[in-house]
Amino acid sequence: MTHPGPAYPANSALAEDGALLLAGCDARELAREFGTPLFVVDEDDIRARARAFTESFAARSSNFDVHFAAKAFPCTAVLSLLGQEGLSCDVAGGGELALALRAGFDPAKIHFHGNAKSRRELREALEAGVGHVVLDNEQDIERLEEIVPDGAVEAVQMRIAPGVSPDTHPSISTGGPNTKFGFNLEAARAAIARVHASERLDLEGLHMHIGSQILDLAPFRPAIEAIAELGTFRTVNLGGGLGTVYTDADVPPSIADYVESKVSVVHEILGPDVRILDEPGRALTANSTVTLYSVESVKRNVDAYVAVDGGMSDNLRPMLYGARYQAEIVGRFGGGTRCHLVGKHCESGDVIVQDADLADPRPGDVVVTPATGAYGFAMANTYNGALRAPVVFVRDGAARAVVRRETYADLWARDVA
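One structure accompanies this document, and this report is about it. Note that the structure is predicted; figures quoted are calculated from it, not measured.

Glancing now at the pattern of salt bridges. Throughout the structure, instances matching the rule amount to 25 salt bridges. Between Arg-194 and Glu-142 there is a salt bridge, with its nearest N and O atoms 4.0 Å apart. Of this pair, Arg-194 sits in helix 7 (residues 185-197) while Glu-142 sits in helix 6 (residues 138-147), and the two are 52 residues apart along the sequence. For Arg-194, a relative accessible area of 29% corresponds to the partly exposed category. By relative accessible area, which is 34% here, Glu-142 ends up partly exposed. The closest approach of N and O atoms between Arg-221 and Glu-268, which form a salt bridge, is 2.7 Å. Taken together, the residues Arg-221 in helix 8 (residues 220-228) and Glu-268 in helix 9 (residues 255-269) connect sequence positions 47 residues apart. Looking at Glu-268, the relative accessible area reads 53%, which means it is exposed.

With that out of the way, let us pick up empty space enclosed by the protein. Applying the stated rule across the entire model yields one cavity of 30 Å³ or more. Here the largest cavity defines a volume of roughly 30 Å³. As for the largest cavity, its lining consists of Pro-9, Asn-11, Ser-12, Leu-22, Ala-23, Val-40, Val-41, Asp-42, Ser-288, Val-290 and Val-394. For the lining of the largest cavity, the element with the highest residue contribution is strand 4 (residues 38-42), accounting for three residues.

Attention shifts here to helix 7. Between its first and last C-alpha, helix 7 extends 19 Å over 13 residues, near the 18 Å set by a 1.5 Å rise per residue. By the burial criterion, the buried members of helix 7 are Ala-188, Ala-191, Ile-192 and Val-195. Looking straight down helix 7, one finds that the buried residues subtend no more than 110° of arc, so they occupy a single side. Facing away from the buried surface of helix 7 by more than 90 degrees, the exposed residues are Glu-186, Ala-190 and Ala-197. In this structure, the buried residues of helix 7 make contact with strand 8 (132-135), helix 6, strand 9 (154-161), strand 10 (183-184) and strand 11 (201-207).

Moving on to the pairing of strand 11. When you tally the buried positions in strand 11, you get six out of seven residues, the bulk of the element. In this sheet, strand 11 lies alongside strand 9 in parallel orientation, the contact comprising six bridges. From the neighbouring strand, Glu-154 faces strand 11, where its bridge partner is Leu-201. Crossover strand 11 to strand 12 (residues 235-237) through helix 8 is right-handed.

On to the sheet that holds strand 1 (residues 12-14). If you walk across this open sheet you meet the three strands as 1-2-3, and the pairing is antiparallel. Only two strands of the sheet have a single partner each, and these edge strands are strand 1 and strand 3 (25-26). Sheet topology note: the strand 2 (residues 20-22)/strand 3 ladder contains two bridges and is antiparallel. Of the residues in strand 3, the one forming a bridge with Leu-22 is Cys-25.

Definitions and limits used
- Residues numbered from 1 in each chain as written.
- Predicted model: local features only at pLDDT ≥ 70, side-chain atom pairs only at ≥ 80, totals over all residues.
- Heavy atoms only, no water.
- Salt bridge = Lys/Arg side-chain N within 4 Å of Asp/Glu carboxyl O.
- Helix = DSSP H or I, 4+ residues; strand = E, 2+ residues; numbered from the N terminus.
- Buried < 20%, exposed > 50% of the residue type's maximum accessible area, 1.4 Å probe, protein only.
- 1 Å grid on protein atoms, 1.4 Å probe; cavity = no way out; pocket = protein on both sides within 12 Å on 5 of 7 lines; lining within 4 Å.
- Points joined across faces, edges and corners; volume = space filled by probe spheres on them.
- Expected span 1.5 Å × (residues − 1).
- Arc of directions from axis to C-beta.
- Contact = heavy atoms within 4.5 Å.
- Pairing = 2+ DSSP bridges.
- Right-handed = clockwise from strand over helix to strand, strands pointing away.

Below, the structure is given as structure tokens:
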């Protein structure tokens, strides 16, 4: 047996008869049992990546914490698994907070993000007892000072846009000087002074996040140098950003190299006693998961189109910002027919893989797209009345559903008239 490639979960294999095995489970059998579209998650793959992050940080620092960016895969079972591995959690809204609490995270190990936090969400965070709130803007400061009870002090961090833009898509570049997130360097000094003067807020540190799907580690140094100019703090939160493999063209740094690049610069510039927080998301979950589809139609107009039973309802990233994926016919890996792998939705832009290379695609085939464990489930929707896909965990040859497929009744469950 051989491994199908770096975009696939660690415990994947191609059998001699062409079968795709996911942690010992035949992909075609999974499609038959659970239906398609289907998210299939290699449980041990996620656990191994979580341990790689914590072990890499532990080898370089005795004062750190790794937070899972819940937005990448806000599934209760995934959150629970990462909590079991000792990770903390970063949430970006009241819904993600509720999911993290339901998954069993200690509230003190949750930190609360967001660039447009409502008073209700801030109250929910305070009532839950989150470890800290990340201040994004002046309104965060004002609202927290209003709602923190008399005599209490809330731990906060301040998000800084350090003016550094890595080589990634503009939609996931978040650290430039003109971003929707955080205080730029010019505004940060006054905001820091204001929080230092507050009797209800304790500014424990600074936060930065320069972007996602980062394949070049060099931009982290100038970003850390920039926030160092704002003063000395107990904690620095370095965000996440480590890229992953979506296609064979992607060559991301290792987790160990990513951690080394950050920790070494922090120790050099900020000192060895600063507590380091990091927030990996896609690097923990993307390659743990594949999506299985069924081919519904194959036709040629000018180009060949292979249409499956999912699409932008389960993977919106290609339509949002041209994210690239690869695909194969389960049982016939290796390609042969140049085509567009498209979804079933009433949009010409509903294209999962432009210029896919599939082996003689036919109706009824099962198609696999790897690296869908980040933002596929998170951005899933019911466009055209699509039923959101289930999530199945696989491990040691056994499969278990952790999220069921939606039903038609779910589509009108919130109706009140």
